[in-house]
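Architecture at a glance
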Amino acid sequence: MTNEIRTIFNRIAPVYDQLNDQLSLGQHRIWKEMTVKWSAAKPGDTSLDLCCGTGDLTFRLARRVGRTGKVYGVDFSPNLLNNAQERCKNYYPQPPINWLEGDVLNLPFETNYFDAATMGYGLRNVKNIVKSLQEIYRVLKPGAKAAILDFHRPSHQQLRAVQQWYLDNCVVPIATNLGLKEEYAYISPSLDRFPTGREQIELARQVGFQEVTHYPIANGMMGVLVVIR
Ligand SMILES: C/C(=C\Cc1cc(O)c2ccccc2c1O)CCC[C@H](C)CCC[C@H](C)CCCC(C)C
Ligand SMILES: C[S@@+](CC[C@H](N)C(=O)[O-])C[C@H]1O[C@@H](n2cnc3c(N)ncnc32)[C@H](O)[C@@H]1O
């Protein structure tokens, strides 16, 4: 399963950023900006972007923590990480980002290391959500926050139907034209399996987070889980 997920992301790497812009009508940039804000990262912080992919959230986090801060971006797809590193070369001055190839279920960091963390569209894709939350808990300092952005199923049935229609009739056909039908068709079943905001809150509490909130955004089609260790 883990290898299958890695293969999906390695395969979509050439079109990933462009399709996110087109398919979300640019909205994913706003959702990511909100996520970084909710992580409460501040200048000088040591911060972590889990499942960083091509680095969209990582670069935003780097802007927040500034020259005195540090950012680590972790992902297990070498192709997406390669794109992130190529993008990084276009920045002047170079942001203080360390790109690491690795599994977010087994993070290569000490306990109590980070002041803030973000994760964008990663939690739905990991093979063990509880283990992933436990690893985030472990590496955050007491009192530190993580903000976790992902798709969400709106509780309003008509909005849920619009979301499903959009995935089936826009996202998958556009990806099919690029030879990536299976890869994008994977989003829908992964969303069906993904815990609701309420369920995510319950899981995060069980892991031990002190304060947990889930913010539905984009009419409930997306959500941000904010946890404080
Ligand atoms: C940045 C976005 C998605 C990232 C993403 C996450 C995944 O788990 C994938 C799995 C497999 C292939 C690709 C991805 C992937 O790209 C969010 C924006 C892109 C979405 C595909 C667009 C979804 C739009 C909403 C369902 C509805 C928005 C309607 C509105 C009219 C814009
Ligand atoms: C949809 S992409 C999101 C990329 C980026 N965060 C964004 O918002 O654009 C999901 C990412 O999660 C990564 N991923 C999934 N499971 C992972 C794991 N167990 N360890 C590390 N990375 C993982 C994939 O390689 C992929 O880059």
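Calculation rules
- Residues numbered from 1 in each chain as written.
- Chains lettered and ligands numbered in written order.
- Predicted model: local features only at pLDDT ≥ 70, side-chain atom pairs only at ≥ 80, totals over all residues.
- Heavy atoms only, no water.
- Helix = DSSP H or I, 4+ residues; strand = E, 2+ residues; numbered from the N terminus.
- Buried < 20%, exposed > 50% of the residue type's maximum accessible area, 1.4 Å probe, protein only.
- Contact = heavy atoms within 4.5 Å.
- Phe/Tyr/Trp six-rings, centres within 6.5 Å; stacked < 30°, edge-to-face > 60°.
- Lys NZ or Arg CZ within 6 Å of the ring centre and 35° of its normal.
- Near = heavy atom within 4 Å.
- Polar contact = N/O pair within 3.5 Å; in protein donor to acceptor, adjacent residues only side chain to side chain.
- Areas by Shrake-Rupley, 256 points an atom, 1.4 Å probe, with all protein chains shown as cover.
- pLDDT = per-residue confidence, 0-100.
- Nonpolar A, V, L, I, M, F, W, Y, C, P; charged D, E, K, R; others polar.

**Brief notes about the environment of Glu110**
Residue position: Glu110 is located in the loop between β3 (97-101) and β4 (114-120). Under the relative-accessibility criterion, Glu110 is labelled exposed at 59%. Discounting residues that sit within four places of it in the chain, Glu110 has contacts with Arg138 and Val139.

**Things to note about the packing of aromatic side chains**
Aromatic rings in a pair are described by how distant their centres are and how their planes are angled relative to each other. Applying the stated criterion to the full structure yields eleven aromatic pairs. Considering the side-chain rings of Trp38 and Tyr215, the 4.3 Å spacing of their centres and the 10° angle between planes classify their relative orientation as stacked. One end of the pair, Trp38, is in helix α3 (residues 27-38); the other, Tyr215, is in strand β6 (residues 211-217), with 177 residues separating them in the sequence. For Trp38, a relative accessible area of 25% corresponds to the partly exposed category. Geometrically, the ring pair formed by Tyr121 and Phe151 is edge-to-face, given 5.5 Å between the ring centres and 70° between the ring planes. Here Tyr121, found in the loop between β4 and α6 (129-139), pairs with Phe151, found in strand β5 (residues 140-151); they are 30 residues apart in sequence, far enough to count as distant. Three or more aromatic residues joined by ring pairs make a cluster, and in this case those are Tyr72, Phe109, Tyr113 and Phe114. The ring of Phe76 carries the charged tip of Arg6 above its face, separated from the ring centre by 4.8 Å.

**Comments concerning the site of ligand 2**
Taken together, 16 residues are adjacent to ligand 2, and Tyr16, Cys51, Asp75, Asp103 and Gly120 come closest. Phe76 has a polar backbone atom sitting 3.1 Å from a nitrogen atom of ligand 2. With respect to ligand 2, the backbone of Gly120 contributes an N or O atom lying 2.9 Å from a nitrogen atom. The protein chains hide 97% of the 590 Å² of surface that ligand 2 would expose on its own.

**Looking at the confidence of the model for the protein chain**
Counting all residues, the mean pLDDT for the protein chain is 97, and 100% of those residues have values of 70 or more. In the predicted complex, the global pTM is 0.97; the interface-specific ipTM is 0.96.

**Notes on the site of ligand 1**
Surrounding ligand 1, one finds 19 residues, the nearest of these being Tyr16, Asn20, Arg124, Asn125 and Tyr184. Taking Asn20, its side chain carries an N or O atom lying 2.9 Å from an oxygen atom of ligand 1. The protein chains hide 91% of the 750 Å² of surface that ligand 1 would expose on its own. Of all the secondary structure elements, the ones that give two or more residues to the shell around ligand 1 are α1 (2-12), α2 (16-23), α7 (157-177) and α8 (181-185). Partitioned by chemical class, the residues of the shell around ligand 1 number twelve nonpolar, five polar and two charged.

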